[in-house]
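Below, each chain spelled out in residue letters.
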Amino acid sequence: MRSIDPQTNTERDNYKFLTGSIIPRPIAFVTTLSEAGVLNGAPFSYFNIVSSNPPLISLSIQRSEGKLKDTARNILGKKEFVVHIVDEQNVEKVNQTAASLPSHKSEIDLAGLTPVKSSKLSVPGVLQAKIRMECQLEQALELGGGDSPGCDLIIGKVMQFHIEDEIYQDGRIDPLGLAAVSRLAGANYAKLGSTFEIERPK
């Protein structure tokens, strides 16, 4: 087995090892509002659950040469954002929002996504997602990077869930109906595929 010290690697090498090893990764499509009122949208696969009591989720937003991405800047400014689950039906449009646009341009417009008003936030969501979560900023941490931070770790508190009726039954979400997709490495994605059960020991 090969043994590699990450401190001897470039950032890109470590990125490839991490994204190739920690798979599959759920994808959050995040909408935010800029100070000028531009609706920003971007996908992030450094995303997961933090807690269910209260309901908290995490996003890690990588910086480019120490500079905040629009999503992180908007979250820190407005203290609000909406997280959408990326599925087989919306992944093509969401992928378009990964394009590098100037801050005054909306990725939502570029991808042809449809804004929808939120119940408890000023930040809109998008209609094409089967699940969206309205979030308030709980905590933000600057992490890594040596002389300047390498990423912004965002913890959001879910203030409202929106779940499509067709995938909701008896308080549970149908995973096959949701058809969530996940990120692998490079340009590769994965579908849910077959599932199996293993009972947890008591």
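Throughout what follows, the structure given in this document is the object of discussion. Note that this is a predicted model, so its numbers are computed, not measured. (Residues numbered from 1 in each chain as written. Predicted model: local features only at pLDDT ≥ 70, side-chain atom pairs only at ≥ 80, totals over all residues. Heavy atoms only, no water.)

### Considerations on the layout of surface pockets
Part 1 of the reasoning: Roughly 1400 Å³ of volume is contained in the largest pocket.
Part 2 of the reasoning: Every residue lining the largest pocket is counted, 42 residues in all, and those nearest its centre are Tyr 15, Phe 44, Tyr 46, Gln 62 and Lys 69.
Part 3 of the reasoning: Those elements that provide at least two residues to the lining of the largest pocket are α1 (11–21), β1 (25–26), β3 (39–44), β4 (47–52), β5 (55–62), α2 (70–78) and α3 (91–96).
Part 4 of the reasoning: Tallying contributions element by element places α1 first for the lining of the largest pocket, with 6 residues.
Part 5 of the reasoning: Among the residues forming the lining of the largest pocket, the class breakdown is 16 nonpolar, 17 polar and 9 charged.
Part 6 of the reasoning: Of all the secondary-structure elements, those providing two or more residues to the lining of the second largest pocket are β1, β4, β5, β9 (131–143), β10 (151–163) and α5 (175–178).
Part 7 of the reasoning: The dominant element in the lining of the second largest pocket, judged by the number of residues it contributes, is β4, at 5 residues.
Part 8 of the reasoning: Among the residues making up the lining of the second largest pocket, the classes are represented as 22 nonpolar, 4 polar and 2 charged. (1 Å grid on protein atoms, 1.4 Å probe; cavity = no way out; pocket = protein on both sides within 12 Å on 5 of 7 lines; lining within 4 Å. Points joined across faces, edges and corners; volume = space filled by probe spheres on them. Helix = DSSP H or I, 4+ residues; strand = E, 2+ residues; numbered from the N terminus. Nonpolar A, V, L, I, M, F, W, Y, C, P; charged D, E, K, R; others polar.)

### Comments concerning the state of the cysteines
Part 1 of the reasoning: Across all of its chains, the model carries 0 disulfides by this definition.
Part 2 of the reasoning: Of the cysteine sulfurs around Cys 135, a residue in no disulfide, the closest is that of Cys 151, at 18 Å.
Part 3 of the reasoning: A relative accessible area of 11% means that Cys 151 is categorised as buried. (Disulfide = S-S within 2.5 Å. Buried < 20%, exposed > 50% of the residue type's maximum accessible area, 1.4 Å probe, protein only.)

### Quick word on the side chain of Ser 60
Part 1 of the reasoning: If you trace the backbone, Ser 60 turns up in strand β5.
Part 2 of the reasoning: Of the residues examined, Ser 60 reaches a relative accessible area of 16% and is grouped as buried.
Part 3 of the reasoning: A polar atom in the side chain of Ser 60 sits 3.0 Å from the side chain of Gln 62.
Part 4 of the reasoning: If sequence neighbours within four positions are ignored, Ser 60 has contacts with Phe 44, Tyr 46, Cys 151, Asp 152 and Leu 153. (Polar contact = N/O pair within 3.5 Å; in protein donor to acceptor, adjacent residues only side chain to side chain. Contact = heavy atoms within 4.5 Å.)

### Here we look at the pairing of β3
Part 1 of the reasoning: Burial within β3 is extensive, with 5 of its 6 residues counted as buried.
Part 2 of the reasoning: Across 6 bridges, strand β2 (residues 28–33) lies against β3 in antiparallel orientation. Its bridge partner lying in β3, Thr 32 is registered against Asn 40.
Part 3 of the reasoning: Hairpin remark: β2 followed by β3, antiparallel, with 5 residues in the connecting loop; positive phi at Gly 37, about 85 degrees. (Pairing = 2+ DSSP bridges.)

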